[in-house]
Amino acid sequence: MSDGDGRKKERADASAALPRGTDREADLLHRTTELALDFLRSLPDRPVFPTATLTELREGLARPLSEDGVEPVQVIEELAREADKGTVGIAGPRFFGFVIGGSLPVALAADWLTSTWDQNAGLYVAGPSHAVVEETAASWLLELFGLPETASVGLTTGAQMANFAGLAAGRRAVLLREGWDVERDGLQGAPEVTVVAGAEAHVTIEIAAQMLGLGAQRIRRVAADDQGRMRPEALREVLATIGGPTIVCAQAGNVNTGAFDPLDQITDIVMERDGRWLHVDGAFGLWAAASPRLRHLLAGVERADSWSCDSHKWLNVPYDSGIVIVRDPSIHRAAMMLQASYLMQTKGDERDAAEYVPEFSRRARGFTVYAALRSLGRQGVRELIERCCMIARRMAERLAEEPGVSILNEVVLNQVLVRFGDDDDVTRKTVAAVQADGTLWLSGTTWHGMAAMRISVSNWSTTEWDADRSVDAILSCYRRVPAADGA
Ligand SMILES: *Cc1c(COP(=O)(O)O)cnc(C)c1O
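Residues numbered from 1 in each chain as written. Predicted model: local features only at pLDDT ≥ 70, side-chain atom pairs only at ≥ 80, totals over all residues. Heavy atoms only, no water.

## Some details on the sheet that holds strand β8 (residues 405–407)
Sheet strands pair by backbone hydrogen bonding; their relative direction is either parallel or antiparallel. The line we're drawing: Here a strand pair is declared whenever DSSP counts at least two bridges between the two strands. Strands are runs of DSSP state E lasting at least two residues, helices are runs of H or I lasting at least four, and both sets are numbered from the N terminus onward. As a rule, the C-alpha atoms of each element are fitted with a line to give its axis, helices using only the stretch in contact, and angles between N-to-C directions run from 0 to 180 degrees. Only heavy atoms matter for contacts: two residues are in contact if any of them lie within 4.5 Å across the pair.
Judged by pairing direction, the sheet is antiparallel, and its four strands sit side by side in the order β8-β9-β11-β10 without closing on themselves. Strands at the two margins of the open sheet, each flanked by one partner only, are β8 and β10 (443–447). Put simply, the sheet's adjacent strands are angled 40 degrees from each other on average, direction ignored. Pairing of β8 with strand β9 (residues 415–420) involves three bridges; the strand directions are antiparallel. Within β9, the position partnered with Val405 by the bridge is Phe420. Packing of helix α13 (residues 366–400) onto the sheet brings it into contact with β8, β9 and β11 (450–456), and relative to β8 it is tilted by some 145 degrees. Most of the contacts of helix α14 (residues 424–437) go to β11, to which it runs at about 35 degrees, and overall it touches β9, β10 and β11.

## Let's talk about the site of the ligand
This is how it is decided: Any residue with a non-hydrogen atom lying within 4 Å of a molecule or strand is treated as near it. Counted as a polar contact is a pair of N or O atoms within 3.5 Å, where, for protein atoms, one must be capable of donating a hydrogen and the other of accepting one, and residues adjacent in sequence contribute only when both atoms are in side chains. Exposure was quantified through the Shrake-Rupley algorithm and a 1.4 Å probe, taking into account, for residues, occlusion by the shown protein chains and nothing else. Lys, Arg, Asp and Glu make up the charged group, whereas Ala, Val, Leu, Ile, Met, Phe, Trp, Tyr, Cys and Pro make up the nonpolar group; the residues left over, Gly among them, are polar.
The immediate surroundings of the ligand are formed by 15 residues, with Gln160, Asp281, Asp310, His312 and Lys313 found nearest. With respect to the ligand, the side chain of Asp310 contributes an N or O atom lying 2.7 Å from an oxygen atom. Out of a free accessible area of 380 Å², the ligand has 85% covered by protein chains. It is helix α7 (residues 159–176) that contributes the most residues to the shell around the ligand, three residues altogether. Considered class by class, the residues forming the shell around the ligand number four nonpolar, eight polar and three charged.

Honestly, it's all geometry; don't read function into it.
Written as structure tokens, this is what we have:
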């Protein structure tokens with residue numbers, strides 16, 4: 001297309017990036033804002049799940065890497081156009097899949113600044129403002145959750161790594177009581193550590209045990225009741241068969257039913273033993289603490305040793321954003337960080353965030369959490385949580401009015417499990433029809449051996465109107481499933 005000289009010039013324009021502070025840089029960022037706003041405006045009306053096939057997405061996106069680079073504006077325009085075709089409307093009001101929130105506008109705005117500032121939040125010296133913002137957000141979180149104000153907080157990528165960090169702290173503490181320093185000497189030759197978890201614990205507890213050398217398959221399981229809550233008497237029986245260092249994992253908010261383990265009773269039982277650690281996985285359930293109406297579900301939670309939670313779920317900040325909290329900060333730090341590292345340059349009470357998370361270099365996640373909490377205030381968080389729960393109840397009540405439809409769980413929080421007809425087939429077909437319809441998106445799950453539809457209400461922008469429209473769409477899909485009309 002162009003001669004040699006032209007090519008060289010084009011290349012300099014394209015890949016020498018954009019000179020800082022020029023109109024071209026500003027144009028690129030303004031154009032990107034417009035594209036982002038176009039997407040956000042499309043959310044209430046676009047099909048919640050995209051229709052593009054894998055082949056179509058590859059046709060648009062899987063280009064050969066060019067030799068000379070591509071003009072930045074063109075890269076962004078094409079990325080926005082092609083990626084849009086395969087983007088799920090998670091940020092929109094009718095995404096009810098898994099337990100996934102959408103971003104609050106203020107958190108999205110703070111996220112843009114986070115990328116702009118490009119701080120390395122691991123160390124105080126690589127982002128002093130962020131260090132202060134994060135310690136402030138950490139104290140607000142402890143206050144909202146009603147956890148000890150002296151506990152330490154790390155902002156992880158998600159609850160998976162928060163569970164990892166909490167269990168790592170537990171591993172350190174229980175082995176230290178046996179005179180074993182696991183960070184220094186490793187697990188080989190150490191006294192055996194037993195992890196105990198409920199039958200309905202989240203899979204990330206297993207993965208944490210796997211990564212910590214404690215063995216996913218070695219977890220001792222405790223029977224759960226029909227809502228997925230750990231049975232205290234079964235815990236007592238399991239613990240009676242275990243000697244030595246033990247880490248017990250309880251759960252606040254079951255990913256299917258939203259149910260809470262009876263934390264007060266569990267804590268009483270665990271605390272009777274020496275050499276134990278109690279971790280609570282509260283990925284979304286811990287947010288119930290922000291509501292006086294729901295807080296009773298968490299009674300006793302403050303007596304545990306470590307806790308995990310997510311901000312990218314119910315606080316509605318962008319991915320990724322999790323929280324680990326540990327009662328004893330010195331155990332927390334020792335489990336996460338090689339002490340006296342050459343890089344630790346903090347003075348006085350400056351805070352190096354890397355001491356509290358598995359990552360070293362890391363994104364400045366505190367900005368979005370701070371912005372969301374500051375904008376909502378205590379009342380706003382409470383309303384966000386209560387509104388989602390109210391909408392979940394409304395959807396459950398309306399669905400239950402339909403003949404042949406049953407709700408499988410007690411709707412104590414934001415999760416609803418629905419069964420259609422009395423066989424798995426009708427339920428699965430209804431889920432598939434809803435997914436194809438595009439009005440909303442949710443997924444199927446298996447609950448006590450039965451197929452079920454799972455509804456999770458976790459987005460600030462979901463209204464009663466969205467809930468009603470979604471229930472109408474679900475019921476019209478159900479009525480069209482062949483086996484449902486008695487044929
Ligand atoms: C979602 C969830 C997790 C995992 O959280 P991620 O943020 O996806 O890592 C862990 N436990 C429970 C109970 C969850 O709901």
